[in-house]
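Residues per chain are reported as follows:
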Amino acid sequence: MGRNHVSTACIVCRGRKVRCDGNRPNCGRCEKKSVMCRYIPGEDKRKLSSRNSVCLLFRRVNRLTQILHDHEIGIPPLEPDTHRAFDRLLEAMHLPSGTLTDFKDSAGHQSEQPAGSSEMQDDGSDLPGIARSNMALEAVGCLSAMTNEVHREARQLEPIFDASSILHPLHSGESQALWSGDSPNWPWPSMDTLPISPSWLVDFTADTPLSSFTTSMEAMVTTSSDSQHNRPSFQADRPEDEEAPDEVVEDLSAHLGGMQVASDGQLRYYGATSSFHLQGRTQIGTQYLPPPGSRCERQEILDRAEVGQEVPRDIKDHLIKLYFMWENSNIRVVQRNIFESARSAWGNGENNSNYSEVLLNAMCALGASFESRYHPLLVTYPKTLADFFGQKAKVLLETELDSPTVAIAQALAILSQHEKACMRDARGWLYSGMAMRVALDLGLHLDQSASVRLGKMSTSDAESRRVAFWGIFITNNLWSFYLGRDFQLGNADVTVSKPDSNIGMPTADTWETNVTQGDEHAVQTLQPELFHYISRQWVNLCDMVAPIAHALYGSSKMDREAIQRLSEEVTATLWAWEKDVNSKLRVDLEDRNASYASQTLILHMQFHQFLILIHRPWTSKTLLQPSPPQGPGYQHARTVCKDSAIKIAKLLRMHEERYTLRYLSIQAVHILYSAVPILIFATISKTNVDEDLGLHLGTCHRALDILGQGFDHAKQIQKLLVALEQRWEALVR
């Protein structure tokens, strides 16, 4: 049984190079795949009239013949059999005879002009060159689309008519300027092999010298003859062509990457340019091959590094609790209940992508920053408790980098903070970048909700991946601000939902600690839903400030007016954020007895630090100000910076009264590094003598002094600030 041929394929089937049944409004394939089916209006090349096609084709041939005649180039005469075949073709298509104009033949005789040929030559020859060029482009475009139709009509008339006798007529050998050789075949290619381009079309239609015309023709013939049998095909889709199965075509033509199980058994993301996405559709799961080496071998590695002594579980549990309470509750990298479940499974001999000894020791290292430097029950001297666990995590990290998991990505982000606290900024910066690279390698930036609905991934695994990615994202942005180095990740490539969009976790983290309010002690609790919301606000603040931070501190190409406009826009966005933030996260600085979570106070400190970073470059009268002056001016920038620094000091006192300064997150150190220079400047400025700035400056120095007990870089920063204050005072005197 013959196949049904359709006149035009829909856009979707044409793009996929598959057969289309042509049904309207939706073809069968689009209906089956539930995609929108669309056709190009008015496009139906198979239904184009053969009579009109041949008519237009010979109008073009007639025009080209006229051009050859005008340049006195001999036209080879048609053979008598060719003339008869040509007349039969015209008769079969009900076209009038004499459509083709005969000019001088090879013997130099003038042929009689057929009657009615003038109306067939009405092709715009009297128009200007540009208009004729455009008309020629349009005509040849139509001809190239209709050539196949002409060939099909010619094949139907065989053996009466031979299309090659028209498209490849014989020549007499006299026009040696255009072609050479004694071959009986005229090397004129068929229309569908001509190298159609605007350059030679203009030569044909404009009034150009004969030499230019001849050169174009020679290049055209040579190019066509060389490439006729070896050239790519750009013809329209033909539904009757043989086609590979849909799955094969879709795999080959994919331009977006996807998740694949790599050779180590771990789920990883591969883009389409790598061709690793052609491995095939795989079942998404959480099983993976453990890293090389047994647990005994890894213990031998720890012993050689002198960090292999056994640590009691209760010490680990205590340090992990400190990490979750004071660090992870602010910049949330790990989902606690998922970690604890994976840890229990690992203790039973099961491997899981959500747990690693590297992650456990990294959390212990950062949690140890909130403990005394040396533990009475665990001898680590001369290493501090934090350094001991940090060194242990880094030694184990080398054994797992060949097959990193979600837990390794989390561990790298946490280790970067530990290295910051130990004043090893270079290694910390590298660890934060490695964490993002591993996150992209694992596809943590991709939405997995569809996999959860299909049962290919558990809800807990999807949530762990989402929490890990946004925690790493925040960590990288804060590192960028801390070192003043540009970090940008295109959010268009990130499809995973932001933290406050819960995908249905059965249980969630809680935060609870003792808090002092006035003369009373109470228990402060952070509800589970606020964990997501606080993380979302950290992401939002980083997104708001990233563009202006890049313009102010990372680019020298923007003009001052554009930077100022961007600063005003970002500032307005930040003020709107403070106004519209959830009521549970708002802070009244004048209410000394209100109950505020530690995470809420630190979040507002971060908000005011961002205001300082945006306005600080504008505090100069001339350095960045546009000329002539525009905008609020340098006094406004100084006022905003001073007010924000004062509010940071007030938030510190509120935290001190409720939780002490010892339990501030590591991010507070950088916040103070931005606020203290502003307070020093305001103190030595003659225009701020009435402000009670000494109290606020003392609060910040006291906080740095206490934070130095757990974070070494806090002590280093405090020394730098004291030296800065002394230098500025000497300059003022």
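Residues numbered from 1 in each chain as written. Predicted model: local features only at pLDDT ≥ 70, side-chain atom pairs only at ≥ 80, totals over all residues. Heavy atoms only, no water.

Visitor: Looking at this structure, how should I read the overall build of the protein chain?
Guide: Looking only at helices and strands, the protein chain has 26 helices and 4 strands in total. Contacts in the protein chain between residues at least 24 apart in sequence constitute 71% of all its contacts with a sequence separation of at least 6. Total accessible area computed for the protein chain in this model is approximately 36,300 Å², and 52% of it derives from carbon and sulfur atoms. (Helix = DSSP H or I, 4+ residues; strand = E, 2+ residues; numbered from the N terminus. Contact = heavy atoms within 4.5 Å. Areas by Shrake-Rupley, 256 points an atom, 1.4 Å probe, with all protein chains shown as cover.)

Visitor: Can you help me understand the packing of aromatic side chains in this one?
Guide: Note on aromatic pairs: each is described by the distance of the centres and the angle between the planes. In this structure the tally under the stated criterion is 17 aromatic pairs. Note on Tyr323 and Phe324: the rings are 5.4 Å apart at their centroids and 65° apart in plane angle, and the pair reads as edge-to-face. Residue classification places Phe324 among the buried positions, given a relative accessible area of 5%. An aromatic cluster of at least three residues, connected via ring pairs, comprises Tyr323, Phe324, Phe339, Trp346 and Tyr355. (Phe/Tyr/Trp six-rings, centres within 6.5 Å; stacked < 30°, edge-to-face > 60°. Buried < 20%, exposed > 50% of the residue type's maximum accessible area, 1.4 Å probe, protein only.)

Visitor: Got a minute to help me understand the packing of helix α15 (residues 385-400) against helix α16 (residues 406-421) in this structure?
Guide: A pair of packed helices can be characterised by two numbers: the angle between their axes and the separation between those axes. Orientation of α15 relative to α16, taken along the N-to-C sense of each, is 145°, at an axis distance of 11 Å. Of the two possible hands of crossing, α15 and α16 adopt the one that is left-handed. Where α15 abuts α16, its residues Ala386, Asp387, Gly390, Ala393, Lys394, Leu397 and Glu400 lie against Ile408, Leu412, Leu415, His418 and Glu419. Its residues assigned to classes, the contact of α15 with α16 comprises 6 nonpolar, 2 polar and 4 charged. (Axes fitted to C-alpha atoms, helices over the stretch in contact; angles between N-to-C directions. Left-handed = near helix turned anticlockwise from the far one by under 90°. Nonpolar A, V, L, I, M, F, W, Y, C, P; charged D, E, K, R; others polar.)

Visitor: Would you mind going over α16 with me for this structure?
Guide: Given 3.6 residues to a turn, an α-helix orients residues that are three or four positions apart in the same direction. End to end, α16 covers 24 Å across 16 residues, agreeing with the expected 22 Å (1.5 Å per residue, within 8%). Within α16, 16 of the 16 residues are buried, which leaves the element mostly enclosed by the surrounding structure. With its phi angle positive at about 65°, Met423 sits one or two positions after the end of α16. (Expected span 1.5 Å × (residues − 1).)

Visitor: Help me understand helix α25 (residues 693-707), please; the structure alone is not making it clear to me.
Guide: Over its 15 residues, α25 runs 21 Å from end to end, which matches the ideal 21 Å to within 8%, given 1.5 Å per residue. Of all the positions in α25, only Leu693, His696, Leu697, Thr699, Cys700, His701, Ala703, Leu704 and Leu707 are classed as buried.

Visitor: Would you take a moment to explain the pattern of salt bridges for this structure?
Guide: Any two side chains of opposite charge can pair, given that their charged atoms come close. Inspection of every chain in the model, using the stated rule, returns 12 salt bridges. Of the charged contacts in the structure, one is a salt bridge between Arg343 and Asp317, with a shortest N-O distance of 3.0 Å. Here Arg343 is found in helix α13 (residues 336-347), whereas its partner Asp317 is found in helix α12 (residues 313-326), with 26 residues between them in sequence. According to the relative accessible area criterion, Arg343 is buried, its value standing at 7%. Since its relative accessible area comes to 32%, Asp317 is described here as partly exposed. (Salt bridge = Lys/Arg side-chain N within 4 Å of Asp/Glu carboxyl O.)

Visitor: Got a minute to help me understand the nonpolar core in this structure?
Guide: Inside soluble globular proteins, nonpolar side chains tend to come together where they are buried. By size, the foremost hydrophobic cluster in this structure holds 134 residues, and its most contacted members are Val334, Phe339, Phe389, Leu574 and Leu652. The biggest single contributor to this core is helix α20 (residues 528-553), with 13 residues. Listed in part, the 9 residues of the second largest apolar core include Cys13, Cys20, Cys30 and Tyr39. (Core = buried A, V, L, I, M, F, W, Y, C linked by side-chain atoms within 4.5 Å.)

Visitor: What is the right way to read the packing of helix α24 (residues 667-684) against α25 from this model?
Guide: For the pair α24 and α25, interaxial distance at closest approach is 10 Å and the crossing angle is 150°. With respect to α25, the axis of α24 lies roughly antiparallel. Helix-helix and strand crossings are classified by hand; for α24 and α25 the assignment is left-handed. Residue-level contacts link Ala668, Val669, Leu672, Val676, Leu679, Ile680, Ala682 and Thr683 of α24 to Leu693, His696, Leu697, Cys700, His701, Ala703, Leu704 and Leu707 of α25. Within the contact of α24 with α25, the residues separate by chemical class into 13 nonpolar, 3 polar and no charged. (Parallel < 35°, antiparallel > 145°, perpendicular 65-115°, else oblique.)

Visitor: Please clarify how the environment of Cys30 should be interpreted in this entry.
Guide: By the element assignment, Cys30 lies in helix α2 (residues 28-33). Residue Cys30 is classed as buried on the basis of its relative accessible area of 2%.

Visitor: Would you mind showing me how to read the environment of Tyr323 here?
Guide: Here Tyr323 is to be found in helix α12. Tyr323 has contacts with Asn328, Val333, Val334, Met363, Leu366, Gly367 and Ile414, leaving out every residue within four places of it along the chain.

Visitor: What is the right way to look at the state of the cysteines in this model?
Guide: Working definition of a disulfide: a covalent bond connecting the sulfur atoms of two cysteines. Enumeration over the complete set of coordinates arrives at 0 disulfides. Just so you know, Cys37 is unpaired, no disulfide at all, and the nearest cysteine sulfur is the one on Cys30, 3.8 Å from it. Taking the relative accessible area as the measure of exposure, Cys37 reaches 9% and is therefore buried. (Disulfide = S-S within 2.5 Å.)

Visitor: Where do I start with the side chain of Asn354 in this structure?
Guide: Note on placement: Asn354 falls in the loop between α13 and α14 (357-367). Taking relative accessible area as the criterion, Asn354 reaches 6% and is therefore assigned buried. A distance of 2.9 Å separates polar atoms of two side chains, one belonging to Asn354 and the other to Asp461. Once residues within four sequence positions are removed from consideration, Asn354 is found in contact with Ile338, Phe339, Ala342, Leu359, Val406, Ala407, Asp461 and Ser464. (Polar contact = N/O pair within 3.5 Å; in protein donor to acceptor, adjacent residues only side chain to side chain.)

Visitor: Can you help me understand the confidence of the model for the protein chain in this one?
Guide: Parts of the prediction with low pLDDT should not have their coordinates interpreted in detail. Confidence in the prediction for the protein chain averages 75 pLDDT; 63% of positions are at 70 or higher. Throughout residues 281-289 the model reports pLDDT below 50, and contacts reaching past four residues in sequence, or to other chains, amount to 29 contacts. Residue range residues 515-522 is modelled with pLDDT below 50. Its contacts to residues more than four positions away, or to other chains, number 15 contacts. (pLDDT = per-residue confidence, 0-100.)

Visitor: Explain unusual backbone geometry here, please?
Guide: Leaving glycine out, the prevailing phi sign among residues is negative, and the prevailing peptide bond configuration is trans. Omega for the bond connecting Arg24 with Pro25 falls within 30 degrees of zero, at 5°, which places this linkage in the cis form. Looking at the element boundaries, Pro25 is found in the loop between α1 (11-16) and α2. The step from Tyr381 to Pro382 runs through a cis peptide bond, and the omega angle for that step is 10°. By secondary structure assignment, the location of Pro382 is in the loop between α14 and α15.

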